[in-house]
Amino acid sequence: MIGLGAAAAVTAALVVWWTRRDPAGSSEPPLVLATAPVRAIEGRISYAAADVHRPYEVARGASAAGAGAGTGTRGVAGAIDNIPLDTLARLERRGDLHGIAAAHLLMSDVRDASRYLDRLAPDPDVVSDRALVLRSSGRLSDALIALDGVLRAVPRHPQALWNRALVLRELGLPLSAAAELEAVATLNEPGWSGEARALAKALSDEIAERRTAFLRLVADGRRLAAEPGAVTPEIARRFPGMTRLVFYDAVRSADSAAAVRALAPLAATLDAVYTGHVLASQVERVARADFARRAPLARRYAALAGGQRLDPAGATALLAALRAAGQDDLLYGAMVRVFRPQVPPAELPELRRLTGALHDPWFELLTVEQTAKAALAGGDLAGAEAVVLPALAGCERRSIDYRCALLEQVLGGIYLGSLRLPDTRRVVASGWQRARRTGEWYLELGFLQLLAGLESLQDDAAGSTLPLVRTYAAEPVRREPARCDLAVWRREALALALVSRDDLAAARRELAEADATEGACPPAEPSVAMLEVKAHVLRDSDGVTAHEVAELRAQIEALRAASGPAATTRAALDQIEGRLLIDRDRPAAIALLERAIAAVRSARADDVDAHRARSYAYSILILDAGRAGDWDRVWRLLGDDAGIAAAPRCALGAVVEDRRSLVVVRDPSGASHGVFDGTRAGPAVDPGSFVPAALRDALRGCPAIDVLARPPVQGLPGLLPVDLAWSYRSSAGPPGEAAPGTPRRVVIAGAEPPAALGLARLAPWRSTTAPDVVLDGPSATPSRALAAIADASFVEVHAHGMVQATVSDASFLMLSPEADGGYALTAGAIRKQPLRRHPIVVLAACHAATTASYRHEAWSLPAAFLAAGARAVIASTDVVSDADAGAFFDDLRARIERGAAPAVALHDTRAQWLAAHPSASWTRSLMVFQ
């Protein structure tokens, strides 16, 4: 409940908002901004004088202004509103910045509109109009998040509803867009409601017609062998991927040469789409077969393709008969169907042999897909990726969109499971566009599920993307309302995202809806991810019953029994059950958590699920020890987790998970003091207040402080004040000294990222001491930088740093472009480059320490350099002063070369610099990672 003072403030703000929307009572004549008979901007502007309904017309040829405004402000020749200068002056005189912004939007001048909107407080109208600008620049996800914020505050905001519908349409979510437009129509606004209904109907009708046509193709394809005209050339050209699938089955099922040759016209149509003669050749080759032998086998295949289920003996007999008859095309199709969803590894050599005999790129890509799936089933994500990437590289040349999109689904799943979110986004975006371009219904549903999963995990890494999760999860259900499996999946996807936001009450409601829906579905094995979500919810929600706990334990046990010897899955299930029981049966929970850690102690570096299970188990154990006040056990577990022994004195430990946190310190005498908090609200961590004052004071007198912090605390700036010397410790790392050899200082400076990025050129790098190697200007490319630092003992990077989720999970360094245009030096690339001399690395770049804080791992540039072999990394999450960086880091380097520990060197350099330059606040966010 809000207090009376807060309520009055909110009311006053709303009065001001509505008054500005329609400034009644003014003595001036009413403003006229909408001067043209039609509107040139499809979106709606949240300013009364600009929100006059007029027909929307699309330009056949955009004017310069319209072209520059992007998709949201397409101009119509002669129809852009020509607003008199005296009207603009009148708005200026009364300080109506929103009115001026609206005028510029009407005139398709998005850049100036944005400048004025940025000067306004973010009330619902302003945010809705900012979303128009975001949409016009192609930032559809950001626009959607902004509009969802408006609608949370004002659920029936007309302009936000309208603009959200347009964003949804452009994201490829027509039914979600239609639902939003129907909401606009219910507002009964003159002109707008009618246009909303018409546009909603057009979107719904188009998707309904496409679904009907696609499903009719699937149905007609089942009788194609007997009725070769069942699939028309128009449908074949519209859905070439699905048509090719049913064509292959028809050829295999045809029991005579005449029936095969009757498919020649369809083969020619498809060959024209795929620019080749592969299918026509196949028709002629199969038609020349000995049908006295082939016909009975073709009829058996037809039954299999029609849905017949074979027991293992029947499947073995069919495959043996096809081998004996030498019918390679029938054998290939039967193997894929019999072993669905994936051919076992032992059968892959034969599948590859058949692929070579068939001489068809379609089957080459299908065999790649089956090989990758087999690698995934064995937990070999790197092997699966290595198989898929070369095949995808040739996809544009082959133009087999259907199979290429399926490979992109596989690769997107690999990257998603590995938490390589930028790679996931890149691959899934490509596949999503490919599926939309070809109209393949089932492929679109698969990519929508991947997009929802991506945004669920992105929320864990980079803030709230819940509106995107809701949006992508809703569209498949709208497209297939009768499929209960999709309805269950939607609820579970939302529950996963809500747990990441620590909204357990909402997650529990979604799980309850999923359970209610699941009763109407065929039985399905729960996923490990959903068991994890349920354990989070049942641990911390009120009113949890013993029956709910027992039911979840039974599901865990059933999956444990089914998982066989898979160590990673067993560890994940032990961790989940340990989480569930830690507050109910502590000894049993501790045993489960310790067993989970032991099971994956030697897991591969790329086994994300194993490391996640281990990390979560450590978090639960550490917090449990902190709740018991067993600080010695806390220190031991923190050290075991990081692979180091915690310092016997002058150390700080920090752990946060869900609603619990702890901070523990060892003071200069070695005595431990700690605080456990079991009542945290929300996932956010305020570093400035996270460490209680009493514990900070206990560290005073320490010459330097080691900080062992688990995500999401690891990498946060300001955890301790700048008058203390401290550093984050993340692992055992290399020895404290550089590897033997002549010191080799490498400086990377003056990089020239692509001009299109609009970045200001950095000031020339200055240093009092010449380095051994300089990469400057065009030579400062990512590949040359990696090669240069491999044998460096000291590295300085003076470059732009950037945080952009589409490029890298964490921050990245913007260097000069390679021949292929790549300019980003990312954490992933750095981890793959061994740093043989164990250098000190100084990242004199803005935001270089920014961390993508997953629940199980802190992923950042400093962490990457340490993983590659650096002794220490010095970096900032904030802006670094271009003018002062050279002198500051020269002083810092000199102190380190004289033997000072990096944390002490940074503390002393910063203290001296701030004394001489009190305004140099940029130095406060510099941190040391070791």
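Because the structure is a prediction, the values reported are computed rather than measured.

**Student:** Tell me about the overall build of the protein, and please be specific about residues and values.
**Tutor:** What the protein contains, in helices and strands, is 41 helices and 16 strands. Carbon and sulfur atoms make up 56% of the accessible area of the protein, which totals about 38100 Å².

**Student:** Before we move on, can you summarise unusual backbone geometry with the specific residues and values?
**Tutor:** In this structure, the amide linkage connecting Arg 340 to the following residue, Pro 341, adopts the cis form with an omega of 10 degrees. Tracing the sequence through the fold places Pro 341 in the loop between α18 (328-338) and α19 (348-358). Phi at Cys 650 is positive, roughly 55 degrees, even though this residue is not glycine. Along the chain, Cys 650 falls in the loop between α34 (631-642) and β1 (651-657). Cys 650 gets classed as buried once you look at its relative accessible area, which sits at 7%. For His 838, which is not glycine, the phi dihedral falls at a positive 50 degrees. With respect to the secondary-structure elements, His 838 resides in the loop between α38 (827-831) and β12 (840-844).

**Student:** Pulling in residues and values, what's your account of the pairing of strand β4 (residues 705-709)?
**Tutor:** Taken across its five residues, β4 has five buried, putting it largely inside the fold. Side chains of β4 alternate between two faces, with Ile 705, Val 707 and Ala 709 and Asp 706 and Leu 708 buried alike. The pairing of β1 with β4 spans four bridges and is classified as parallel. Its bridge partner being in β4, Ala 654 is matched across the sheet by Ala 709. Both β4 and strand β5 (residues 726-728) contribute to a ladder of three bridges, which runs parallel.

**Student:** Tell me about the packing of α18 against α19, residues and numbers included.
**Tutor:** Running from N to C, α18 and α19 cross one another at 140 degrees; their axes reach a closest spacing of 10 Å. Relative to α19, the element α18 is oriented oblique. Regarding α18 and α19, the two cross each other, and that crossing is left-handed. Residues Asp 328, Asp 329, Leu 331, Tyr 332, Met 335 and Val 336 of α18 form the contact with α19, whose own contacting residues are Glu 350, Leu 351, Arg 353, Leu 354, Thr 355, Ala 357 and Leu 358. Taken together, the residues that form the contact of α18 with α19 break down as eight nonpolar, one polar and four charged.

**Student:** Pulling in residues and values, what's your account of the packing of aromatic side chains?
**Tutor:** In the structure shown here, the tally under the stated rule is 14 aromatic pairs. Considering the side-chain rings of Phe 214 and Tyr 442, the 5.4 Å spacing of their centres and the 90 degrees angle between planes classify their relative orientation as edge-to-face. Placement of Phe 214 in helix α10 (residues 192-221) and of Tyr 442 in helix α25 (residues 441-462) is noted, with a sequence separation of 228 residues between them. For Phe 214, a relative accessible area of 0% corresponds to the buried category.

**Student:** Quick one: what's the story with helix α39 (residues 861-868), residue by residue and with numbers?
**Tutor:** Taken across its eight residues, α39 has seven buried, putting it largely inside the fold. Every buried residue belonging to α39 is among Leu 861, Pro 862, Ala 863, Ala 864, Phe 865, Leu 866 and Ala 868, and all of these are buried. With its phi angle positive at about 130 degrees, Gly 869 sits one or two positions after the end of α39.

**Student:** Now, about the state of the cysteines: what can you tell me, with residues and values included?
**Tutor:** Scanning the entire structure with this criterion turns up three disulfides. With a sulfur-sulfur separation of 2.0 Å, Cys 395 is cross-linked through a disulfide to Cys 404. For the disulfide bridge between Cys 395 and Cys 404, the dihedral angle about the S-S bond is near -100 degrees, and by the sign convention the bridge is left-handed. Numbered by order of appearance in the sequence, the disulfide-linked cysteines of the protein pair as 1-2, 3-4, 5-6.

**Student:** Go over the environment of Asp 81, please, and point to the residues and values.
**Tutor:** By the secondary structure assignment, Asp 81 is in the loop between α2 (64-68) and α3 (85-93). Here Asp 81 falls in the buried class, since its relative accessible area comes to 1%. Considered as a pair, Asp 81 and Ser 108 are 27 residues apart in the sequence and their alpha carbons are 8.6 Å apart. Filtering out sequence-adjacent residues up to four positions away, Asp 81 remains in contact with Leu 33, Ala 34, Thr 35, Ala 36, Arg 54, Leu 106 and Met 107. Among the polar contacts listed, one links the side chain of Asp 81 to the backbone nitrogen of Thr 35, at a separation of 2.7 Å. A polar side-chain atom of Asp 81 sits 2.7 Å from a polar atom in the side chain of Arg 54.

**Student:** Mind laying out the pairing of strand β2 (residues 660-666), listing which residues take part and the relevant values?
**Tutor:** Burial runs high along β2: seven of the seven residues are buried. Here β2 shows a buried face lined by Arg 660, Leu 662, Val 664 and Arg 666 and a second buried face lined by Ser 661, Val 663 and Val 665. With seven bridges connecting them, β1 and β2 associate as antiparallel partners. Its bridge partner being in β2, Ala 654 is matched across the sheet by Val 663. Bridging between β2 and strand β3 (residues 672-677) involves six bridges; their strand directions are antiparallel. When the sheet's bridge partners are listed, Arg 666 is paired in β3 with Ser 672. Linking β2 back to β3 in an antiparallel pair, the connection comprises five residues, with Gly 670 at a positive phi of about 95 degrees.

**Student:** Can you lay out the pattern of salt bridges for me, pointing to particular residues and giving the numbers?
**Tutor:** Counted under the stated rule, the structure contains 71 salt bridges. Glu 189 is paired through a salt bridge with Arg 44; the nearest N and O atoms lie 2.8 Å apart. Here Arg 44 lies in the loop between α1 (4-21) and α2 and Glu 189 lies in the loop between α9 (174-185) and α10, a separation of 145 residues in the sequence. With a shortest N-O distance of 3.2 Å, Arg 299 and Asp 255 are connected by a salt bridge.

**Student:** Talk me through the packing of helix α40 (residues 885-897) against helix α41 (residues 902-916); I want residue IDs and the actual numbers.
**Tutor:** Relative orientation of the contacting elements α40 and α41 amounts to 140 degrees, with a least axis distance of 9 Å. Considered as vectors, α40 and α41 are oriented oblique to each other. The handedness of the crossing between α40 and α41 is right-handed. Listed contacts from α41 to Ala 887, Phe 888, Asp 891, Leu 892, Arg 895 and Ile 896 of α40 are Pro 902, Ala 905, Leu 906, Asp 908, Thr 909, Arg 910, Gln 912 and Trp 913. Residues of the contact of α40 with α41, tallied by class, amount to eight nonpolar, two polar and four charged.

**Student:** Could you give an account of helix α27 (residues 484-500), with specific residues and numbers?
**Tutor:** Its 17 residues give α27 an end-to-end C-alpha distance of 25 Å, which sits within 8% of 24 Å, the value for a rise of 1.5 Å per residue. Within α27, 13 of the 17 residues are buried, which leaves it mostly tucked inside the rest of the structure. Phi for Asp 502, located one or two positions after α27, is positive at around 65 degrees.

**Student:** A description of the side chain of Asp 329 should follow, citing residues and the corresponding values.
**Tutor:** Looking at the element boundaries, Asp 329 is found in helix α18. Exposure remark for Asp 329: the relative accessible area of 9% places this residue in the buried category. Contacts of Asp 329, omitting those with residues within four sequence positions, involve Arg 252, Gln 282, Val 286, Arg 294 and Leu 358.

**Student:** I'd like a description of the nonpolar core, backed by residues and values.
**Tutor:** With 128 residues, the main nonpolar core has Leu 181, Leu 224, Phe 247, Tyr 332, Met 335, Val 388 and Tyr 472 as its most contacted residues. With sequence-adjacent residues up to four places away left out, Tyr 472 is seen in contact with Leu 171, Leu 173, Leu 448, Leu 451, Ala 452, Glu 455 and Trp 489. Judged by nonpolar contacts, the second largest core, of 56 residues, contains Val 665, Leu 716, Leu 835 and Ala 868.

**Student:** Go over the side chain of Glu 577, please, and point to the residues and values.
**Tutor:** Within the secondary structure, Glu 577 is located in helix α31 (residues 567-581). Residue Glu 577 is classed as buried on the basis of its relative accessible area, which comes to 6%. Not counting residues up to four positions away in its chain, the partners in contact with Glu 577 are Arg 553, Ile 556, Arg 560 and Leu 592.

**Student:** Before we move on, could you go through the environment of Ala 34 and cite the residues and values that matter?
**Tutor:** When you line up the elements, Ala 34 lands in the loop between α1 and α2. Residue classification places Ala 34 among the buried residues on the basis of a relative accessible area of 18%. When the C-alpha positions of Ala 34 and Ala 50 are compared, they lie 5.7 Å apart, and in sequence the two are 16 residues distant. Not counting residues within four places of it along the chain, the set of residues in contact with Ala 34 comprises Ala 49, Val 52, Arg 54, Asp 81 and Leu 106.

**Student:** Residues and numbers for the confidence of the model for the protein, please.
**Tutor:** Averaged over all residues, the pLDDT of the protein is 87; the fraction at 70 or higher stands at 88%. Segment residues 1-25: pLDDT under 50, and 18 contacts once partners within four positions in sequence are set aside and those in other chains are kept. Between residues 804-809, whose pLDDT stays under 50, and residues either more than four places distant or in other chains, the model counts 19 contacts.

So, how was this worked out
Residues numbered from 1 in each chain as written. Predicted model: local features only at pLDDT ≥ 70, side-chain atom pairs only at ≥ 80, totals over all residues. Heavy atoms only, no water. Helix = DSSP H or I, 4+ residues; strand = E, 2+ residues; numbered from the N terminus. Areas by Shrake-Rupley, 256 points an atom, 1.4 Å probe, with all protein chains shown as cover. Buried < 20%, exposed > 50% of the residue type's maximum accessible area, 1.4 Å probe, protein only. Pairing = 2+ DSSP bridges. Axes fitted to C-alpha atoms, helices over the stretch in contact; angles between N-to-C directions. Parallel < 35°, antiparallel > 145°, perpendicular 65-115°, else oblique. Left-handed = near helix turned anticlockwise from the far one by under 90°. Contact = heavy atoms within 4.5 Å. Nonpolar A, V, L, I, M, F, W, Y, C, P; charged D, E, K, R; others polar. Phe/Tyr/Trp six-rings, centres within 6.5 Å; stacked < 30°, edge-to-face > 60°. Disulfide = S-S within 2.5 Å. Polar contact = N/O pair within 3.5 Å; in protein donor to acceptor, adjacent residues only side chain to side chain. Salt bridge = Lys/Arg side-chain N within 4 Å of Asp/Glu carboxyl O. Expected span 1.5 Å × (residues − 1). Core = buried A, V, L, I, M, F, W, Y, C linked by side-chain atoms within 4.5 Å. pLDDT = per-residue confidence, 0-100.

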